[in-house]
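# Commentary on secondary and tertiary structure
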Amino acid sequence: MRDLEAARRLLARSRQALAFTGAGVSTASGVPDFRSPGGIWSRYRPVTLPEFLASAEARRRYWTYKKETWADFAQARPNAAHEALARLESQGRLLGVVTQNIDGLHQEAGSRKVVELHGTNRRVECLGCGWNGPAAETHERLAAGEEVPACAGCGGPLKAATISFGQALRPEVLEEAFALARAADLLLVLGSSLVVYPAAAIPEAAASQGAPMLIINREPTPLDGLAAVALRGEVERLLPALLDGVAAGEPA
Ligand SMILES: [Zn+2]
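Think of each chain on its own: its residues are numbered from 1, step by step along the sequence as written. Where local features are concerned, this predicted model is filtered to residues with pLDDT of at least 70; where side-chain atom pairs are given and counted, the filter is 80 or more; whole-chain, interface and lining totals use all residues. Values shown for side chains rest on all heavy atoms present in the structure; no hydrogens or waters enter the calculation.

Paired strands, as defined in this entry, are two strands with at least two bridges between them according to DSSP. Strands are runs of DSSP state E lasting at least 2 residues, helices are runs of H or I lasting at least 4, and numbering of each runs from the N terminus. Reading across from one edge, 3-2-1-7-8-9 is the order of the 6 strands in this open sheet, with parallel pairing throughout. A strand with exactly one partner marks an edge of an open sheet, and here the two such strands are strand 3 (114-116) and strand 9 (229-232). The average undirected angle you get between the axes of adjacent strands in this sheet is 15 degrees. Strand direction decides the pairing type here: strand 7 (residues 186-190) and strand 8 (residues 213-217), joined by 4 bridges, are parallel. In the strand pairing of strand 8, V189 is matched with I215. Running over the sheet, helix 5 (residues 80-90) touches strand 1 (17-21), strand 2 (94-99) and strand 7 and is turned about 145 degrees from strand 2. Residue contacts are defined here by distance: any two heavy atoms, one from each residue, within 4.5 Å place the two residues in contact. Think of each axis as a best-fit line through the C-alpha atoms, taken over the contacting stretch in the case of a helix, with angles from 0 to 180 degrees between the N-to-C directions. Packing of helix 8 (residues 171-183) onto the sheet brings it into contact with strand 1, strand 2 and strand 3, and relative to strand 3 it is tilted by some 135 degrees.

Attention now moves to the packing of aromatic side chains. Each Phe, Tyr or Trp ring, with Trp reduced to its six-membered ring, pairs with another whose centre is within 6.5 Å; inter-plane angles below 30 degrees give stacked pairs, above 60 give edge-to-face pairs, and intermediate values give tilted ones. For the coordinates displayed, the defined rule picks out 3 aromatic pairs. The interplanar angle of 75 degrees and the centroid separation of 4.9 Å between the aromatic rings of F52 and Y62 together place this pair among those described as edge-to-face. Of this pair, F52 sits in helix 3 (residues 49-54) while Y62 sits in helix 4 (residues 56-75); the two residues are 10 residues apart in sequence, bridging distant segments of the chain. The buried label goes to any residue with under 20% of its type's maximum accessible area, the exposed label to any with over 50%, and the partly exposed label to all in between, with areas taken from a 1.4 Å probe on protein chains only. Look at Y62 and you get buried, because its relative accessible area is 3%. Ring geometry for Y62 and Y65: centres 6.4 Å apart, planes at 80 degrees, overall edge-to-face. Separated by 3 residues within a single helix, Y62 and Y65 lie in helix 4, roughly one turn from each other. Each of the two residues, Y62 as well as Y65, counts as buried. Here a set of aromatic residues connected by ring pairs shows up, and it is made of F52, Y62, W63 and Y65.

Ordered in space as 5-4-6, the 3 strands form an open sheet in which the pairing is antiparallel. Edge positions in the sheet fall to strand 5 (132-134) and strand 6 (158-162), since each has one partner strand and no second. Across the sheet, the mean angle separating the axes of adjacent strands is 45 degrees when strand polarity is ignored. In this sheet, strand 5 lies alongside strand 4 (residues 119-126) in antiparallel orientation, the contact comprising 3 bridges. Paired with E125 across the strands is N132, a residue of strand 5. In the packing of helix 4 onto the sheet, the strands contacted are strand 4 and strand 6, and the crossing angle to strand 6 comes to about 45 degrees.

The subject of this paragraph is the packing of helix 8 against helix 9 (residues 201-208). Where helix 8 meets helix 9, the closest approach of the two axes is 8 Å, and the angle between their N-to-C directions is 30 degrees. Looking at the two axes, helix 8 sits roughly parallel to helix 9. The element helix 8 and its partner helix 9 pack so that their crossing is right-handed. For the pair helix 8 and helix 9, contact is made by L174, A177, F178 and A181 and by A201, I202, A205 and A206, respectively. Across the contact of helix 8 with helix 9, the residue classes tally to 8 nonpolar, no polar and no charged. Oblique is the label for every angle not falling under 35 degrees (roughly parallel), over 145 degrees (roughly antiparallel), or within 65 to 115 degrees (roughly perpendicular). For any pair of crossing helices, the crossing counts as left-handed if the nearer helix is rotated counterclockwise from the farther one by less than a right angle, and right-handed if it is rotated clockwise. Here the nonpolar group is Ala, Val, Leu, Ile, Met, Phe, Trp, Tyr, Cys and Pro; Asp, Glu, Lys and Arg are the charged ones; every other residue, Gly included, is treated as polar.

Here we take up the nonpolar core. Counting 28 residues, the largest nonpolar core has F20, V98, L117 and I202 as the members making the most contacts within it. Put simply, the parts of the chain that give this core at least two residues each are strand 1, helix 8, strand 7, helix 9 and strand 8. If you tally residues by element for this core, the top one is helix 8, at 6 residues. Those residues within four positions of V98 in sequence are excluded, and the remaining contacts are L18, A19, F20, T21, V115, L117, A177, L180 and I202. Residues enter a nonpolar core if they are buried and are Ala, Val, Leu, Ile, Met, Phe, Trp, Tyr or Cys, with the set joined through side-chain atoms within 4.5 Å.

So, in structure tokens, the structure goes:
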């Protein structure tokens, strides 16, 4: 309970927090957790970007897997954690959300400033001409029997607008995330195991500027030792409870 009170005090003092979110924020929404035991990557070997570019067979495997996992993404809805962050932003107390998630649920919950480090599964892009469109249209083509969708404009390969294995994060996206981290007076690290670099370097950047870190995750993380408070548990339960406590005017 002492940790919960310390977390409430951190939130009550903060005026421009930044949230850094990972898969644990979306599991309650039914979004598959790629890296967990029994997760997608234990059933499918991921197609790397070099493989995708090199062979039509790899592109067919890629789109087979995207097709089979699309329903889970399409049906997912924001949960109480997404909604709590959108509320915090609308109160003017959150600079934004930097997320490792590709599901678009922060925006659907009403968050306006969202930096998607790993891109978005809701869009598809052409690796030939850079065309970018809604993923739902490509999935309609897949459902109609296409196996390797190509760009209607240039014939180039279509790929989800996500960062694949073997694909570098976009420099401008990373820079925006680091700029937010440097401006934050509190870092909320939510549902991320903080093991994927360079994404995990963003919370470290905020910490090195002196911003306290509040971690909420089901499992211990490598940065727990740097955190002012590290809470074990479900984000969708703990974060709304903390914000309700702050809103109720508990002494800071
Ligand atoms: Zn194209």
